[in-house]
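Fold and contact review
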Amino acid sequence: MNWTITYYSDSVQDEILAMPAGLLGRYLRYTDRMELYGPDLGMPHTRAMGNGLFELRLKSAEGIARIFYCTMVGRKIVMLHQFAKKTDKTPPRELETAQRRMKEYKNAHSQRT
């Protein structure tokens, strides 16, 4: 059984699809792999951030981007938040946004069967 990729919201999907061509190409290639092999592609492509949050690490000539995601029961990968990386460390605000969205999504969808 393969994994399914979904999005926290339509705006998150739109932001991801609006990334520069090189980053978008990497995103599409990595997510194809994630659908087949699961959410953990290993470094340098994915990294666990703790408490069920992961980051997809994208790099191309246009720059560096990160997309935070989590997993749900039923082999579902939920893309939560994306941002262009401009510093060595992940800005706390970006991490907090992803953690808040993960909590909201899991609370809203864990009760459904």
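For the structure itself, look to the data block above.
The notes below deal with the structure included here. (Residues numbered from 1 in each chain as written. Predicted model: local features only at pLDDT ≥ 70, side-chain atom pairs only at ≥ 80, totals over all residues. Heavy atoms only, no water.)

1. With respect to the overall build of the protein
Looking only at helices and strands, one finds three helices and five strands in the protein. Taken against the 2.2 N^0.38 rule, which gives 13 Å for 113 residues, the C-alpha radius of gyration of the protein at 13 Å falls within 12% of a compact globule. The principal-axis extents of the C-alpha atoms in the protein amount to approximately 45 × 30 × 25 Å. Looking at the protein as a whole, 40% of its 113 residues are labelled buried. A sequence separation of at least 24 residues applies to 51% of the contacts in the protein between residues at least 6 apart. Of the roughly 6,800 Å² of accessible surface on the protein, a fraction of 50% belongs to carbon and sulfur atoms. In the protein, 18 side chains carry a positive charge and 12 a negative one; their mean positions are 5 Å apart. (Helix = DSSP H or I, 4+ residues; strand = E, 2+ residues; numbered from the N terminus. Rg over C-alpha atoms; globule rule 2.2 N^0.38 Å. Buried < 20%, exposed > 50% of the residue type's maximum accessible area, 1.4 Å probe, protein only. Contact = heavy atoms within 4.5 Å. Areas by Shrake-Rupley, 256 points an atom, 1.4 Å probe, with all protein chains shown as cover. Lys, Arg positive; Asp, Glu negative; His and termini not counted. Charge placed at Lys NZ, Arg CZ, Asp CG, Glu CD.)

2. A closer look at the packing of aromatic side chains
In this description, an aromatic ring pair is defined by two values, namely the gap between the centres and the angle between the planes. Taken as a whole and judged by the stated rule, the model has two aromatic pairs. Where Phe68 meets Phe83, the ring centres are 5.8 Å apart and the plane angle is 25 degrees; that geometry is what we call stacked. Taken together, the residues span a long stretch of sequence, with Phe68 in strand β4 (residues 63–72) and Phe83 in strand β5 (residues 76–85) at a distance of 15 residues. Residue classification places Phe83 among the buried residues on the basis of a relative accessible area of 6%. (Phe/Tyr/Trp six-rings, centres within 6.5 Å; stacked < 30°, edge-to-face > 60°.)

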